[in-house]
Amino acid sequence: MEKKAVSVNTEKGIILLRDTGMCQHEVSRKSNVSRTCVCQTIRKFNELHTTATKPGAGRPFKMTRHQKRAIKLQQLRDDTLSLNDLVRYTQASLNLDTSRQTVSLILREFDLVSYVASRKPQLIHEQRRCRIFWCYKHLSWAQKGLV
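Note that the structure is predicted; figures quoted are calculated from it, not measured.

### Details of a nonpolar patch on the surface
Residues Ile-132, Tyr-136 and Leu-139 make up a contiguous nonpolar surface patch of roughly 380 Å² in combined accessible area. Note on placement: Leu-139 falls in the segment after helix H7 (125–137).

Here's what the structure looks like:
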């Protein structure tokens, strides 16, 4: 028989019924769950003093929140950085050996993407002067249909 997840509200109800003085058999009938579930819920509550579930299994995260924020800030400072540049940054500054995929996933957590921004040619002094001159020349123009 496979285990079925019991809601937190049901677990709280089991604990409340147990505190009223009911035996496990009566609590299981009243809650419509198995006696094993009642026994395990009561044991877990006695050990942890809570009905919340423990964190699941799996490998712990390699990076702390502080390190993830550092990568995010580095990307925000210079949006022309590639993933390889960010990986080099984590190796040099944060002393972490990470992959491109890990850095990409971290950026996605913050709704950022790593791409190389297109480089725009810088305006030279002559081009700026011509633009300002054009603007002054056309200041007196009125939009058609509005006047």
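### Digging into the pattern of salt bridges
In total, this model carries five salt bridges according to the counting rule given. A salt bridge links Glu-11 to Lys-44; its shortest N-O distance comes to 3.6 Å. Within this pair, whereas Glu-11 is found in helix H1 (residues 8–19), its partner Lys-44 is found in helix H3 (residues 35–48), the two being separated by 33 residues in sequence. Accessibility expressed as a relative area gives 10% for Glu-11, which makes it buried. Given a relative accessible area of 23%, Lys-44 falls into the partly exposed group.

### Here we look at the packing of aromatic side chains
Tallied over the entire structure, the rule returns zero aromatic pairs. Residue placement shows Lys-68 over the ring face of Phe-61; its charged tip is 4.7 Å from the ring centre.

### Describing the domain arrangement of the chain
Size of an interface: often given as the accessible area lost when the parts come together. What the domain assignment reports for the chain is domain 1 (8–48) and domain 2 (65–110). One C-alpha centre belongs to domain 1, the other to domain 2, and the line joining them spans 47 Å.

Thresholds, definitions, all that
All residue numbers here refer to positions counted from 1 along the written sequence of the relevant chain. Thresholds applied to this predicted model are a pLDDT of at least 70 for local features of residues and 80 or more for the giving and counting of side-chain atom pairs; totals over whole chains, interfaces and linings are not thresholded and use all residues. Excluded from the side-chain calculation are hydrogens and water; included are all heavy atoms of the structure. A patch consists of residues whose relative accessible area exceeds 30% and which take part in no salt bridge; residues with like charges are grouped when within 9 Å of each other, and nonpolar side chains (Val, Leu, Ile, Met, Phe, Trp, Tyr) when within 5 Å. Accessible surface is estimated by sampling points in the Shrake-Rupley manner with a 1.4 Å probe; for residues, cover comes only from the protein chains shown. Put simply, a salt bridge is a Lys or Arg side-chain nitrogen that is within 4 Å of an Asp or Glu carboxyl oxygen. For helices the rule is a DSSP run of H or I covering at least 4 residues; for strands it is a run of E covering at least 2, with both sets numbered from the N terminus onward. The buried label goes to any residue with under 20% of its type's maximum accessible area, the exposed label to any with over 50%, and the partly exposed label to all in between, with areas taken from a 1.4 Å probe on protein chains only. Note on aromatic contacts: the rings of Phe and Tyr and the six-membered ring of Trp form a pair at centre separations within 6.5 Å, being stacked when their planes are under 30 degrees apart, edge-to-face when over 60 apart, and tilted otherwise. Lysine NZ or arginine CZ positioned within 6 Å of the ring centre and within 35 degrees of the ring normal marks a charge as sitting over the ring. Residue ranges for the domains trace back to a domain assignment, done automatically or taken from a database.

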